[in-house]
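What follows is each chain in one-letter form.
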Amino acid sequence: MPGHPDRANLMTVVRLFCVGLLAGWLTGNAGAEPINNPVAVFSGLDKITGRIIKFDVLLDETVQFGALQVTPRNCHTRPPTEPENTIAFVEVDEITLANKIQRIFSGWMFASSPGLHAVEHPVYDVWLIDCKASLPETGAGTGSDQS
C-alpha cells in the first residue's frame with residue numbers, strides 16, 4: 001500500500017543498502033580508480049519465446065529489446081588487479097500498447113548480482129553482464145541469440 005509505514009521503511013533500508021554497496025565498491029581500494037567503459041553488455045530474456053539475446057550498447061545511446069528501450073549512462077569495472085565488479089547506471093523505458101513511453105527502471109545494475117537490480121517485466125527481463133572498451137565490429141545494438 002502506498003504510504004504504508006512498513007513498506008516505506010523497507011524501501012529506505014533497500015536504498016541505504018544499495019548506496020552502501022555502491023560506496024563500498026567505489027572505495028574498496030583507495031588506490032584503484034574504477035575504469036569507465038563506453039560500452040555496456042546486457043542479456044535480455046524474451047519470456048514468450050524463451051530466447052536469450054546478448055546485446056552491446058554505447059553509453060547514452062538507446063537500444064530497443066522487444067517493448068523495452070535500454071539506455072546505459074555509466075559503466076564501470078575495476079582494474080584487473082582488483083576483485084571483479086562491474087556496475088552500470090541504466091534507464092529502461094517501456095513502450096506501452098498505447099504507444100506511450102513509461103520509465104520502468106532507473107538505477108544501478110550489478111553484473112555480479114543480476115537479481116539485485118535486473119529489469120523484471122511481464123514479458124522481458126534485462127540484466128547487465130559486462131562493460132567493454134569497444135563495440136564488436138558488427139556495431140551497436142547487435143544481438144546474438146544464445147538459445
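Computed from a prediction, not measured in an experiment: that's the story for all the values here.

Undergrad: What is the right way to look at the nonpolar core in this model?
TA: For soluble globular proteins, the rule of thumb is that nonpolar side chains tend to be buried together. With 19 residues, the main nonpolar core has Phe42, Phe55, Val90 and Val126 as its most contacted residues. Elements that contribute at least two residues to this core include exactly strand S2 (39-46), strand S3 (51-58), strand S4 (63-65), strand S5 (68-77), strand S6 (87-95), strand S7 (101-110) and strand S9 (124-132). Examining the composition of this core, we find that four residues originate from one element, S9, more than from any other.

Undergrad: Just checking my understanding: could you explain the confidence of the model for the chain for this structure?
TA: Should the pLDDT be low somewhere, the predicted coordinates at that spot are not to be read in detail. Of the residues in the chain, 72% reach a pLDDT of 70 or more, and the chain-wide mean stands at 82. Confidence scores differ between elements of the chain, with strand S10 (residues 143-145) showing the lowest mean pLDDT of 51 and S5 the highest of 97.

Undergrad: Would you take a moment to explain the pattern of salt bridges for this structure?
TA: Charged atoms that come close allow side chains of opposite charge to pair. Considering all chains together, one arrives at six salt bridges under this definition. One salt bridge connects Lys132 with Asp56, and the closest N-O pair in it is separated by 3.1 Å. Here Lys132 is found in strand S9, whereas its partner Asp56 is found in strand S3, with 76 residues between them in sequence. Taking relative accessible area as the criterion, Lys132 reaches 24% and is therefore assigned partly exposed. Across the salt bridge formed by Arg103 and Asp93, the nearest N and O atoms sit 2.5 Å from each other. Taken as a pair, Arg103 in strand S7 and Asp93 in strand S6 lie far apart in primary sequence, 10 residues in all. By relative accessible area, Arg103 is classed as partly exposed at 44%. Sharing partners across several salt bridges, the network here consists of Asp60, Arg73, Glu91, Asp93 and Arg103.

Undergrad: Explain the packing of aromatic side chains to me, please; I cannot follow it from the model alone.
TA: The description of an aromatic ring pair uses the distance of the two centres, along with the angle that the planes make with each other. The tally for this structure, following the rule as stated, stands at four aromatic pairs. On the numbers, 5.7 Å between centres and 25 degrees between planes, the contact of Phe42 with Phe55 is stacked. Pair noted here: Phe42 is in strand S2 and Phe55 is in strand S3, with a separation of 13 residues, a long-range link. Each of the two residues, Phe42 as well as Phe55, counts as buried. Measuring from ring centre to ring centre gives 5.4 Å for Phe89 and Trp108, while their planes differ by 75 degrees; the resulting arrangement is edge-to-face. Highlighted residues: Phe89 in strand S6 and Trp108 in strand S7, separated in sequence by 19 residues.

Undergrad: Help me out: how do you make sense of the side chain of Thr71 in this one?
TA: Among the structural elements, Thr71 can be located in strand S5. Polar side-chain contacts of Thr71 include one of 2.6 Å to the side chain of Thr62. Residues within four places of Thr71 in sequence aside, it is in contact with Asp60, Glu61, Thr62, Phe89, Val90 and Glu91.

Undergrad: Quick question: what am I supposed to make of the pairing of S7 here?
TA: Two faces belong to every sheet, and in a regular strand the side chains alternate between them. With nine bridges connecting them, S6 and S7 associate as antiparallel partners. When the sheet's bridge partners are listed, Phe89 is paired in S7 with Trp108. Here S6 folds back onto S7 in antiparallel fashion, the turn holding five residues, of which Asn99 has a positive phi close to 65 degrees.

Undergrad: Can you help me understand the side chain of Asp93 in this one?
TA: On the accessibility criterion, Asp93 (12% relative accessible area) is buried. A distance of 2.5 Å separates a polar atom in the side chain of Asp93 from a polar atom in the side chain of Arg103. Leaving out residues up to four positions away in the same chain, Asp93 has contacts with Ala67, Leu68, Gln69, Ile101, Gln102, Arg103 and Ile104.

About the cut-offs
- Residues numbered from 1 in each chain as written.
- Predicted model: local features only at pLDDT ≥ 70, side-chain atom pairs only at ≥ 80, totals over all residues.
- Heavy atoms only, no water.
- Core = buried A, V, L, I, M, F, W, Y, C linked by side-chain atoms within 4.5 Å.
- Buried < 20%, exposed > 50% of the residue type's maximum accessible area, 1.4 Å probe, protein only.
- Helix = DSSP H or I, 4+ residues; strand = E, 2+ residues; numbered from the N terminus.
- pLDDT = per-residue confidence, 0-100.
- Salt bridge = Lys/Arg side-chain N within 4 Å of Asp/Glu carboxyl O.
- Phe/Tyr/Trp six-rings, centres within 6.5 Å; stacked < 30°, edge-to-face > 60°.
- Polar contact = N/O pair within 3.5 Å; in protein donor to acceptor, adjacent residues only side chain to side chain.
- Contact = heavy atoms within 4.5 Å.
- Pairing = 2+ DSSP bridges.

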